[in-house]
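Below, each chain spelled out in residue letters.
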Amino acid sequence: MIVVSDWQKALIRWFRRHGKSYPWRETKDPYKILVSELMLQQTRIRTVLDKRFYENWLEKFPDIETLARADESEVLKAWEGLGYYNRARNLQKAAREIVEKHHGKFPEKHEQVLNLPGVGPYTAGAVCSFAYDMPLPIVDGNVVRVLSRVLQYKKPVDTSAGRKTLWQEAERLTCQSSPADYNSAIMELGQQICLKGTPKCGQCPVSSFCGSKDSPDAAALPQKSKPVPVTRKTEEVALLLCEGRVLLTTETGSRRKGLLRLPLLEEIDANDLELIGQITYSITRYQVEMRIFGNPYYKKFQKRTHFATGEWFDLTEELPALGAPYLKAIEQFTESKSGNL
DNA sequence: AAACCGGGGAC
DNA sequence: GTCCCAGGTTT
């Protein structure tokens, strides 16, 4: 049986000694914290930090009003490469809602925060505990791993019953006096100590509370119910270059909504295209083999052809936001041949 | 409840 | 190759 106050004390003590410093931990501004939380949904901290997404975003959109007024294309450009682009669109929607419904002032009630677009139970709890010191539980991937091991919860965690149980346990264990440090602590424990494969039980500050301590089946927790089947697909795209411009079309459907892409081969009617390369990438449950067809420099168009779909964009200027594979394809096939465009 | 939504790093 | 990351929304 866990003595809750001892559990909290041990975690917080460890965190205050070993916790890392992140930009979003140096602020109490709810907007800045919301930005970090949206960026970090299903995204590693290193990705956000290494590519400077967070810093660049706050430089471009330092406050809610600026974000609310921005063009969506600008918002998506700042998110380019991060993935899950609805997060960026929701962040701007949230900013616009705050301007309209809350007179530009970030809402201070948990329920209001929870009602913002793109904000679910985790993000609302994170924003309110970090910015306002509200004693709210949060359950992210780290907390799921820590709690399922500590409590030896062996049922699947990715069911409504599993989620309900873990949220209840998180609420029972959460800290009233230092909720921000506690929530940071339990997540960081999952990140530094309670690792996916081989947890470092020898270094764990709460191993004495843990039902899975040094147990071989700790690595088997948390249990997941649904393995995701991968479907293989091929995609034939056209990389058309002419007079220093590239032909792009808009994404259709919900995937990468609002971004641009290389046109599908079937969307255009161009002769004499050659297979110039292949890139394999994964998107959600698909593994895509992208076959790239182009007009090599020696067959370059004499002038920019008008196609039924697509628009020519100047490569010397900033392109609109593109999905990562298309950006990669363009970079790969323009850097060495740029003199021949 | 299940499907969908990106991209990349760790293993 | 597989797993999963400071999850949320839609169907």
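Our subject is the structure that appears above.
Residues numbered from 1 in each chain as written. Chains lettered and ligands numbered in written order. Predicted model: local features only at pLDDT ≥ 70, side-chain atom pairs only at ≥ 80, totals over all residues. Heavy atoms only, no water.

Asks: Looking at this structure, how should I read the packing of aromatic side chains?
Replies: Tallied over the full model, the rule gives five aromatic pairs. Taking 5.9 Å as the distance between ring centres and 80° as the angle between the ring planes, the aromatic pair formed by W7 and F209 counts as edge-to-face. Taken together, the positions of W7 in helix α1 (residues 4-18) and F209 in the loop between α12 (179-192) and β1 (231-239) put the pair 202 residues apart, joining distant regions of the chain. With relative accessibility at 0%, the residue W7 sits in the buried group. For F209, a relative accessible area of 19% translates into the label buried. Between the aromatic rings of W57 and W79, the centroid separation amounts to 5.3 Å while the plane-to-plane angle is 85°, which identifies the pairing as edge-to-face. You can see W57 sitting in helix α4 (residues 53-60) and its partner W79 sitting in helix α6 (residues 72-79), a full 22 residues away along the chain. Across the ring face of Y286, the terminal group of K233 is positioned such that the distance to the ring centre comes to 4.6 Å. (Phe/Tyr/Trp six-rings, centres within 6.5 Å; stacked < 30°, edge-to-face > 60°. Helix = DSSP H or I, 4+ residues; strand = E, 2+ residues; numbered from the N terminus. Buried < 20%, exposed > 50% of the residue type's maximum accessible area, 1.4 Å probe, protein only. Lys NZ or Arg CZ within 6 Å of the ring centre and 35° of its normal.)

Asks: Quick question: what am I supposed to make of unusual backbone geometry here?
Replies: Glycine aside, a negative phi is what most residues show, and trans is what most peptide bonds show. In this model, L221 is joined to P222 through a cis peptide bond whose omega is -5°. One can find P222 in the loop between α12 and β1. One non-glycine residue with positive phi stands out, namely D133, at about 55°. Along the chain, D133 turns up in the loop between α9 (121-132) and α10 (141-150).

Asks: Where do I start with the protein's contact with DNA strand C in this structure?
Replies: Residues in close proximity to DNA strand C total 25 residues, the closest being G118, G120, T123, D140 and R145. With respect to DNA strand C, the side chain of D140 contributes an N or O atom lying 2.8 Å from a sugar or linking oxygen. At the level of elements, α2 (30-40), α9, α10 and α12 are the ones that each hand at least two residues to the surface near DNA strand C. Partitioning the surface near DNA strand C into residue classes produces nine nonpolar, nine polar and seven charged. (Near = heavy atom within 4 Å. Polar contact = N/O pair within 3.5 Å; in protein donor to acceptor, adjacent residues only side chain to side chain. Nonpolar A, V, L, I, M, F, W, Y, C, P; charged D, E, K, R; others polar.)

Asks: It is not clear to me how the packing of α10 against α12 should be interpreted in this structure. Could you clarify?
Replies: Any two packed helices are characterised by the angle at which their axes cross and by the distance between the axes. In contact at an axis separation of 8 Å, α10 and α12 are set at 80° when each is read in the N-to-C sense. What the angle tells us is that α10 and α12 run roughly perpendicular. Counting all contacts with α10, which are made through N142, V143, R145, V146 and L147, the residues of α12 involved are I186, M187, L189, G190 and Q191. Looking at the contact of α10 with α12, its residues break down into six nonpolar, three polar and one charged. (Axes fitted to C-alpha atoms, helices over the stretch in contact; angles between N-to-C directions. Parallel < 35°, antiparallel > 145°, perpendicular 65-115°, else oblique. Contact = heavy atoms within 4.5 Å.)

Asks: Please explain the protein's contact with DNA strand B as it appears in this structure.
Replies: The environment of DNA strand B is made up of 20 residues, and the closest members are Y84, S160, R255, R256 and R285. Within 4 Å of the protein, atoms of DNA strand B come from sugar and phosphate in 58% of cases. With respect to DNA strand B, the side chain of R255 contributes an N or O atom lying 2.7 Å from a phosphate oxygen. For the surface near DNA strand B, the element with the most residues is helix α13 (residues 324-334), which contributes three residues. The residue inventory of the surface near DNA strand B, partitioned by class, reads six nonpolar, eight polar and six charged.

Asks: Please clarify how the side chain of T43 should be interpreted in this entry.
Replies: Position of T43 among the secondary structure elements: in the loop between α2 and α3 (45-50). Residue class for T43 comes out buried when judged on its relative accessible area of 14%. A polar contact of 3.0 Å, which involves the side chain of T43, links it to the side chain of R87. If we skip the residues at most four places from it in the chain, T43 touches V48, L82 and R87.

Asks: Help me understand the pattern of salt bridges, please; the structure alone is not making it clear to me.
Replies: The tally for this structure, following the rule as stated, stands at 15 salt bridges. E236 is the partner of R291 in a salt bridge, and the nearest nitrogen-oxygen pair spans 3.2 Å. Taken together, the positions of R291 in strand β6 (residues 286-294) and E236 in strand β1 put the pair 55 residues apart, joining distant regions of the chain. Relative accessible area serves as the criterion here: at 25%, R291 is assigned to the partly exposed category. Relative accessible area serves as the criterion here: at 33%, E236 is assigned to the partly exposed category. The salt bridge partner of R261 is E251, with a shortest N-O separation of 3.8 Å. Here the residue R261 occupies a position in strand β4 (residues 260-261), and E251 occupies one in the loop between β3 (245-250) and β4, the gap between them amounting to ten residues. Taking the relative accessible area as the measure of exposure, R261 reaches 9% and is therefore buried. (Salt bridge = Lys/Arg side-chain N within 4 Å of Asp/Glu carboxyl O.)

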